[in-house]
Amino acid sequence: MATEAEGGISIHPMDQFIIKPLFGGEHIAFYTPTNATLWMALAVLATIGLLVVGTRGRAIVPSRMQSVAELAYGFVYKMVEDVAGKDGLKFFPYIMTLFMFIVLANFLGLIPMSFTPTSHIAVTAVLAGLVFVTVTVLGFVKNGAHFLELFWVKSAPLPLRPILAVIELISYFVRPVSHSIRLAGNIMAGHAVLKVFAGFAAVAWIAPASILAITAIYALEVLVAFIQAYVFTILTCVYLKDALHPHH
Amino acid sequence: MATESTEAAHGAAEAAGHAAAAGAPGMPQLDFSTFPNQIFWLALTLIAIYLVLSRVALPRIGAVLAERKGTITNDLAAAEELKLKAEEAEQAYQKALSDARAEAQRIVAETRAGIQKELDAATAKANAEIAARAAESEKRIAEIRASAMESVAAVARDTAGAIVGALGAQADASAIEAAVAARLKG
């Protein structure tokens, strides 16, 4: 490798994503506790810490933690209400679950030496797949065959409608793909870039620039961690709206 | 973002090169042997978060928010009520004040009228008394004057008689009286 030839630099930006068993061993069975397990469990603990322990006072005038919990609640609640409508509020706990998991996994993943479950396509594909299957089943249960009107654009001229139907159908099935790859890709890319710059910091004359770049990209990643959780959640709301009200 | 992605892609390619050299799979994300493990733990995680949220966290936060909303609404209503009460109290106070003022005016007027009446009565009485006293005094003065005139006439007569006697003539009493009377009239 060219980088190694330059003397001492060894950059392994993807090593941080390797899934390892927590307690030694090589084989990874489906039940083996791994670093992914650890950081998912920490996300659960963080959720409990913020939304349960943080609100234990049930105060009329909230403490700081309770304010943050209420802010998160209000943020997602309003998003579901505004995008999916009043009848979408039944699904608020599910959407809140997705949001809390993604946002906390993202933020915990920004801790140096940590592992980010949401950087793995397996995780995001399951999340997006859950949304896709739920929304599709819900669309047919709620609207029956009328759900197919989602693909039949009535406002378009008749000859165009079959073509549009094909496009709509493709875009509908691409949804889970883009939904999952957007999240995993953003998180993975950011973390990999951080690692690359960190590798360059080993060379004395690049180190200052490298460290500056790490700082800047870290700040960007903090933003991305929240924005990707927000995007995933709001897209879920949009898909939910399509299932509840398939008429354009 | 675009540069970031290309950099990441570059990094990924580099890592893939490394990994290939080391004999391990390129992107850990595409190591399908770890998928069942991740999916299993993700399912547990999501179920755990969902249970915590739906059983404890969301009802609690919802209740707190609703309670706060209710408290604020109640407080606003109470404040409105208290404001009305304060306005009422002020009106009552103003009314009491104006009543008291009117009462005071009435009492002042009444007292003034009473005093005026008493004063008038006293003045009239005093006037009457003064008039009576003056009349009495005038009467007495007239009496004194009359008696004084009489005395003057008597003295004049006596003096005239004596003077006439001293001159050696016998004075006629009636002539002297007539002369004195004529003089006194003058």
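Undergrad: Help me out: how do you make sense of the overall build of chain B in this one?
TA: What chain B contains, in helices and strands, is three helices and zero strands. The linear arrangement of helices and strands in chain B, starting from the amino end, is α-α-α.

Undergrad: Would you take a moment to explain the packing of aromatic side chains for this structure?
TA: Remark: the centre distance and the inter-plane angle together describe each pair of aromatic rings, the angle taken between the planes. All names here are of chain A. Inspection of every chain in the model, using the stated rule, returns 20 aromatic pairs over all chains. Ring geometry for F151 and Y172: centres 5.3 Å apart, planes at 90°, overall edge-to-face. Placement of F151 in the loop between helix 5 (121–143) and helix 6 (161–200) and of Y172 in helix 6 is noted, with a sequence separation of 21 residues between them. Residue Y172 is classed as buried on the basis of its relative accessible area of 3%. An aromatic cluster of three or more residues is present, and its members are F132, F140, F147, F151, Y172 and F173.

Undergrad: I would appreciate a short explanation of the interface of chain A and chain B in the present structure.
TA: Note: interface size is frequently given as the accessible area lost on complex formation between the parts. Facing the 59 residues of chain A at the interface are 41 residues of chain B. Here chain A meets chain B over a buried area of about 4600 Å², counting both sides, of which 75% is carbon and sulfur. At the junction of chain A and chain B, the tally comes to one salt bridge. Of the charged contacts in the structure, one is a salt bridge between E70 of chain A and R68 of chain B, with a shortest N-O distance of 2.8 Å. Looking at the side of chain A that touches chain B, the elements with two or more residues in it are helix 1 (2–5), helix 2 (35–53), helix 3 (64–84), helix 4 (92–108), helix 5, helix 6 and helix 7 (207–244) of chain A. Considered class by class, the residues forming the side of chain A that touches chain B number 41 nonpolar, 13 polar and five charged.

Undergrad: In this structure, what is going on with the nonpolar core? I would like to understand it.
TA: Soluble globular proteins tend to bury their nonpolar side chains together. Core analysis: the biggest nonpolar cluster contains 62 residues, and L51, M96, M100, F101 and L127 of chain A have the highest contact counts within it. Counting residues per element, the ones that place at least two in this core are helix 2, helix 3, helix 4, helix 5, helix 6 and helix 7 of chain A together with helix 2 (35–166) of chain B. Counting residues per element, this core draws most heavily on helix 4 of chain A, which supplies 11 residues. Those residues in contact with F101 of chain A that lie beyond four places of it in its chain are M40, A43, P117, T118, V123 and L127 of chain A together with L42, T45, L46 and I49 of chain B.

Undergrad: I would appreciate a short explanation of the environment of Y218 of chain A in the present structure.
TA: Residue and element names in this part refer to chain A. For Y218, the position within the fold is in helix 7. Overall, Y218 belongs to the partly exposed group, its relative accessible area being 33%. Measuring from C-alpha to C-alpha, the distance between Y218 and L164 comes to 42 Å, with 54 residues separating the pair along the chain. When sequence neighbours within four positions are dropped, the list of residues in contact with Y218 reads L110, I111 and L194. Within the local environment of Y218, its side chain forms a polar contact with the backbone oxygen of L110, the two atoms lying 2.6 Å apart.

Undergrad: Explain helix 2 of chain B to me, please; I cannot follow it from the model alone.
TA: One turn of the α-helix equals 3.6 residues, which is why residues spaced by three or four share an orientation. All names here are of chain B. With 132 residues, helix 2 extends 184 Å from end C-alpha to end C-alpha; this agrees with the ideal 196 Å at 1.5 Å per step. Largest kink in helix 2: about 50°, centred on L53. Backbone geometry just downstream of helix 2 places G168 in the positive-phi region, at approximately 95°.

Undergrad: Explain helix 6 of chain A here, please?
TA: Taking 1.5 Å as the rise per residue, helix 6 of chain A with 40 residues should run 58 Å; its terminal C-alpha atoms sit 54 Å apart, in good agreement. Remark: the principal bend of helix 6 of chain A, roughly 40°, maps to V174 of chain A, with a proline, P176 of chain A, within the next four residues.

Undergrad: Can you help me understand the side chain of T55 of chain A in this one?
TA: Looking at where T55 of chain A falls in the secondary structure, it is placed in the loop between helix 2 and helix 3. Of the polar contacts made by the side chain of T55 of chain A, one reaches the backbone oxygen of L51 of chain A; its length is 2.8 Å. With near-sequence residues (within four places) excluded, T55 of chain A lies in contact with L50, Q66 and A69 of chain A together with R60 and I61 of chain B.

Quick notes on the rules
Position numbers for residues count from 1 along each chain, tracking the sequence in the order it is written. Each chain takes a letter, starting from A, and each ligand takes a number, starting from 1, following the order in which they are written. Local features in a predicted model are, by the rule used here, given only for residues with pLDDT of at least 70; side-chain atom pairs are given and counted only at 80 or more, and totals for whole chains, interfaces and linings are based on all residues. Water and hydrogen atoms play no part in the side-chain values, which are based on all heavy atoms of the structure. Each helix is a run of DSSP H or I of at least 4 residues and each strand a run of E of at least 2, with the numbering of both proceeding from the N terminus. To pair, rings of Phe, Tyr and Trp, with the six-membered ring standing in for Trp, must have centres within 6.5 Å; the planes then decide the type, stacked if under 30 degrees apart, edge-to-face if over 60, and tilted in the middle. Exposure is judged per residue with a 1.4 Å probe applied to protein chains only, and the accessible area is read against the type maximum: over 50% gives exposed, under 20% gives buried, and values in between give partly exposed. We call two residues contacting when some pair of their heavy atoms lies within 4.5 Å. Buried area: the accessible surface (1.4 Å probe) lost by two parts on joining, summed over both. Salt bridges are defined by distance alone: a side-chain nitrogen of Lys or Arg within 4 Å of a carboxyl oxygen of Asp or Glu. All amino acids are sorted into three groups, where Ala, Val, Leu, Ile, Met, Phe, Trp, Tyr, Cys and Pro are nonpolar, Asp, Glu, Lys and Arg are charged, and the leftover types, Gly among them, are polar. In this description, a nonpolar core means a group of buried Ala, Val, Leu, Ile, Met, Phe, Trp, Tyr and Cys residues linked to one another through side-chain atoms lying within 4.5 Å. Throughout this description, a polar contact denotes any pair of N or O atoms lying within 3.5 Å of each other; where both atoms belong to protein, one of them has to be capable of donating a hydrogen while the other can accept it, and for residues adjacent in sequence the pair is counted only when both atoms sit in side chains. Residue count minus one, scaled by 1.5 Å, sets the expected span of a helix. Bend at a given residue is defined as the angle between two axes, one fitted to the seven residues that end at that position and one fitted to the seven that begin there.

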